[in-house]
Amino acid sequence: MNETTSPQSGPPPSESLQSASVRDALITDQPSDAAEVARAARLLHDGGLVAFPTETVYGLGADAGNAEAVARLYKVKKRPDTHPVIVHLSDVEQLHDWAAEVPEGALRLAERFWPGPLTLVLKRAVGVPDAVTGGQATVGLRIPSHPMALALLRQFREAGSENEAAAASTFNQYGSPPVASAPRLRGGIAAPSANRYGRISPTRAEHVRSDLGDDVDCILNGGACEVGIESTIVDYSSGHPVLLRPGGLSAARIAEVAGEELLLPGDNAPRAPGSHAAHYAPRARLKLLRRTDIIEYLAQHKGQRVAALALEVSVARLAAQYTVVMPAVAAGYARMLYANLRHLDASGADMILVELPPDTPAWAPVLDRLRRAAHDEPLAPREPGRWGQFKRKAAAGMDVEAEGVDSGNAVMQAAEGDGAESL
Ligand code: TXA
Ligand code: MG
């Protein structure tokens with residue numbers, strides 16, 4: 001018989017994370033403390049790269065006013081430098097430093113939903129570096145609500161103003177105050193999701209570590225992300241709200257507060273890599289299928305290593321060798337989606353079958369990510385995975401998760417089975 005488990009939320013401590021080097025001292029199963037956040041703010045200020053938790057996904061941060069640091073960020077992410085990056089702020093007031101124009105509706109959205117999972121794209125102010133806009137005339141701005149992100153942003157901003165005050169009081173050898181150079185915008189952290197370009201976004205500190213390892217100077221651990229998928233992006237640069245990416249905040253709530261309908265992007269919409277087809281992708285192939293088609297697929301592909309991401313309502317009906325059961329409520333599903341895709345990918349399955357969630361507005365952001373992950377691009381070379389290990393342990397009746405095979409997500413157990421049950 002096939003086994004399945006219901007999702008749980010807390011991650012077990014991961015063994016590999018406990019053998020920490022000095023650089024990795026921040027990566028334990030313990031949340032980072034205030035001293036670590038303060039150190040991270042200084043690192044950012046000195047041009048370092050810091051991964052930090054937000055309520056949506058983990059971000060990889062650099063000083064948005066430091067072109068060199070942002071260039072390194074792009075390099076680590078392996079992201080083309082023509083793609084813009086979101087600048088994270090700590091206070092709605094900063095909006096006016098970074099944006100040239102803030103339409104009334106955009107301001108209402110910022111005041112109502114920040115801090116929170118909303119990114120506003122606005123006309124950029126003079127002084128916003130090309131490094132964060134990808135050379136476009138707009139800039140993406142957001143205030144995240146995760147307390148650790150907010151603490152980091154505030155301390156980073158304060159560190160910047162202290163330095164400016166010190167510089168302003170330093171007179172040169174002729175006794176004159178320093179000549180004002182072009183004002184450099186301070187207090188913004190440029191942060192894309194902390195994964196390599198095109199891959200699944202991280203929702204736990206250990207995901208960042210396994211993706212980016214020593215390429216970053218510090219990883220703050222703020223636990224599992226509450227929302228689990230990226231922010232909703234609304235482009236207000238034309239004066240009207242255009243939905244560039246569905247996400248953590250519902251389009252209906254945004255339209256309600258903006259007081260106007262959200263438009264969909266036209267042909268000349270700004271470039272947004274998250275809106276490319278092959279994004280958020282695991283290495284295994286991923287197919288999005290209706291429940292009945294999954295059953296049929298399983299029956300026809302008995303020899304293959306097939307994993308399934310099922311909806312709670314269909315547990316008893318699916319019979320993949322390896323099944324994860326997801327909540328039937330969209331917010332809960334979103335919260336666990338990326339961690340489970342990583343998990344299934346690491347199992348060594350060749351194919352991940354995902355049960356198609358309902359096509360309703362509440363599921364739109366989840367469906368968007370699943371459709372992109374299910375692209376038909378040629379496969380990236382993959383690691384051998386741990387499929388055999390899972391199957392052996394499961395066959396011996398062992399709880400795979402308790403055996404520590406799992407690397408930090410308490411969602412599933414291996415299951416043994418050889419095909420589909422009939423309906
Ligand atoms: O939830 C999130 O938004 C996370 C957390 C870390 O804040 N960040 C995130 O960043 O998802 P990233 O870089 O993975 O995706 C940001 C998206 C990209 O698709 C980018 O093209 C778009 O935002 N974007 C940023 N600035 C833009 C701009 N000026 N115009 C159009 N799109 C922009
Ligand atoms: Mg991303």
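The structure this text deals with has already been given above.
Presented here is a report on the structure given in the accompanying data block. Bear in mind that the values here come from a model prediction, so they are computed numbers and not experimental data.

**Considerations on the packing of helix 5 (residues 104-113) against helix 9 (residues 251-258)**
Then, number 1: Two numbers describe how helix 5 lies on helix 9: the axes approach to 8 Å, and their chain directions differ by 120 degrees. Relative to helix 9, the element helix 5 is oriented oblique. For helix 5 against helix 9, the interelement crossing comes out right-handed. On helix 9, the residues that touch Gly105, Arg108, Leu109 and Arg112 of helix 5 are Ile254, Val257 and Ala258.

**Looking at helix 10 (residues 291-300)**
Then, number 1: The complete set of buried residues in helix 10 reads Ile294, Ile295 and Leu298. Projected down its long axis, helix 10 shows its buried positions confined to an angular sector of 100 degrees, all on one face. Residues of helix 10 that are exposed and point more than 90 degrees away from the buried face comprise Thr292 and Gln300.
Then, number 2: For helix 10, the secondary structure elements touched by its buried residues are strand 11 (285-289), strand 12 (306-311) and strand 14 (351-355).

**What about the pairing of strand 10 (residues 242-245)?**
Then, number 1: Relative to strand 10, strand 9 (residues 232-235) runs antiparallel, the two sharing three bridges. Across the sheet, residue Asp235 finds its bridge partner in strand 10, namely Val242.
Then, number 2: Remark: six residues form the turn of the hairpin made by strand 9 and strand 10, two consecutive strands paired antiparallel; Gly239 in that turn has positive phi of roughly 95 degrees.

**Comments concerning the nonpolar core**
Then, number 1: Membership of the largest hydrophobic core comes to 102 residues, with the highest contact counts inside it found for Ala51, Leu120, Leu152, Ala190, Leu220 and Val234.
Then, number 2: It is helix 11 (residues 330-346) that provides the largest number of residues to this core, a total of eight residues.
Then, number 3: Of the domains in this structure, domain 1 (31-275) and domain 2 (278-395) are the two that each give at least three residues to this core.

**Re unusual backbone geometry**
Then, number 1: The step from Trp114 to Pro115 runs through a cis peptide bond, and the omega angle for that step is -5 degrees.
Then, number 2: In this structure, Pro115 sits in the loop between helix 5 and strand 5 (118-123).
Then, number 3: One non-glycine residue with positive phi stands out, namely Lys78, at about 60 degrees.
Then, number 4: With respect to the secondary-structure elements, Lys78 resides in the loop between helix 3 (67-77) and strand 4 (86-88).

**Let's talk about helix 12 (residues 364-373)**
Then, number 1: Listed as buried for helix 12 are Pro365, Val366, Arg369, Leu370 and Ala373. Projected down its long axis, helix 12 carries its buried residues within an arc of 130 degrees, all on one side.
Then, number 2: Considering only its buried residues, helix 12 is in contact with strand 11, helix 11 and strand 14.

**Side note on the pairing of strand 5**
Then, number 1: Within strand 5, five of the six residues are buried, leaving the element largely enclosed by the surrounding structure.
Then, number 2: For strand 5 and strand 9, the ladder comprises four bridges, and the chain directions are parallel. Residue Leu118 lies in a different strand from strand 9, and its bridge partner there is Thr232.
Then, number 3: The sheet contact formed by strand 5 and strand 6 (residues 138-142) spans four bridges and is antiparallel. Each bridged residue has a counterpart across the sheet, and for Leu120 the counterpart in strand 6 is Leu141.

**Here we look at the sheet that holds strand 6**
Then, number 1: With respect to topology, nine strands assemble into an open sheet ordered 8-2-3-7-4-6-5-9-10, the strand pairing being mixed. Unpaired on one side and paired on the other, strand 8 (218-219) and strand 10 mark the two borders of the sheet.
Then, number 2: Each of strand 3 (59-63) and strand 7 (189-190) touches helix 3; the most contacted strand, strand 3, lies at about 155 degrees to it.

What counts and how
- Residues numbered from 1 in each chain as written.
- Chains lettered and ligands numbered in written order.
- Predicted model: local features only at pLDDT ≥ 70, side-chain atom pairs only at ≥ 80, totals over all residues.
- Axes fitted to C-alpha atoms, helices over the stretch in contact; angles between N-to-C directions.
- Helix = DSSP H or I, 4+ residues; strand = E, 2+ residues; numbered from the N terminus.
- Parallel < 35°, antiparallel > 145°, perpendicular 65-115°, else oblique.
- Left-handed = near helix turned anticlockwise from the far one by under 90°.
- Contact = placed C-beta atoms within 7 Å.
- Buried ≥ 20, exposed ≤ 12 C-beta atoms within 10 Å, placed from the backbone.
- Arc of directions from axis to C-beta.
- Pairing = 2+ DSSP bridges.
- Core = buried A, V, L, I, M, F, W, Y, C linked by C-beta atoms within 7 Å.
- Domains from an automatic or database assignment.

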